[in-house]
Amino acid sequence: MSLLVGKKAPEFSLTAVINGGEIVKDYSLAQFEGQKYVLLFFYPKDFSAVCPIEMHEFQANLAEFEKRNVQVIACSTDTDASHKAWLSLDKAQSGIKGITYPILADLNKTVSHNYHVLNGEWAYDEDGQLHAEGDRIALRGTFLIDRQGIVRYQSVNFFTVMRHVDDILREIDAWQYFEERGEVCPLNYVRS
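Residues numbered from 1 in each chain as written. Predicted model: local features only at pLDDT ≥ 70, side-chain atom pairs only at ≥ 80, totals over all residues. Heavy atoms only, no water.

**Here we look at the packing of aromatic side chains**
- Evaluated as defined, the whole model comprises 11 aromatic pairs.
- Each ring, one from Phe158 and one from Phe159, has its centre 4.7 Å from the other, and the planes form 50 degrees; the classification is tilted.
- Ring geometry for Trp175 versus Phe178: centroids 5.3 Å apart, planes at 40 degrees, classification tilted. Of the two residues, Trp175 and Phe178 both sit in helix H5 (residues 165-181), three residues apart, roughly one turn of that helix.
- A relative accessible area of 19% places Trp175 in the buried class.
- For Phe178, a relative accessible area of 36% translates into the label partly exposed.
- Taken together, the ring pairs connect Phe41, Phe58, Phe65 and Tyr101 into an aromatic cluster. (Phe/Tyr/Trp six-rings, centres within 6.5 Å; stacked < 30°, edge-to-face > 60°. Helix = DSSP H or I, 4+ residues; strand = E, 2+ residues; numbered from the N terminus. Buried < 20%, exposed > 50% of the residue type's maximum accessible area, 1.4 Å probe, protein only.)

**Details of the pairing of strand S8 (residues 140-145)**
- Of all the six residues making up S8, six are buried; the element is thus mostly covered by neighbouring parts of the structure.
- Side chains of S8 alternate between two faces, with Arg140, Thr142 and Leu144 and Gly141, Phe143 and Ile145 buried alike.
- Pairing between strand S3 (residues 37-42) and S8: four bridges, direction antiparallel. Its bridge partner lying in S8, Val38 is registered against Ile145.
- The pairing of S8 with strand S9 (residues 151-157) spans six bridges and is classified as antiparallel. Bridge pairing in S9 links Arg140 to Asn157.
- Connecting the antiparallel pair S8 and S9 is a turn made up of five residues, with Gly149 showing a positive phi of about 85 degrees. (Pairing = 2+ DSSP bridges.)

Keep in mind that these numbers describe shape and distance, not what the molecule does.
So this is what it looks like as structure tokens:
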């Protein structure tokens, strides 16, 4: 895995499902530059047993992200049709109905690759044939991108380790503390 912290976030333009079902083509990171922070998080796949828990937790805390001027964006290697179908299922059916933040469809896996969260190994053999090992899906990557498009926080977990949204909000608060005051954020700082 390569460290992206302090570097320009890899740009993307993908199909996204927003507001619980609307399909948007060419959804890009560039639209937020100069205006909002972006919390981009990758998850393994739709219709899994664990991913809905995180998806709903991000939604439950969406007002906290908005208060901090942060746009939450999810991404997986599934299709926009899969995202839309998953959004039609209730939470009791392991669905994500009610999620309103954008969910990107990284079908060709380039965004997952560029953010260094694509699981598995691949290589071309002597005949030019591509061979892959492992599931070619995204690990649980989390990236805070500032208003200038620079990655300020990066965390990557294996499929089985879920994120804690409060920890992510604390990282955002710490970065914004530094930006506002120009000094290191104190240990155990809590936004007032």
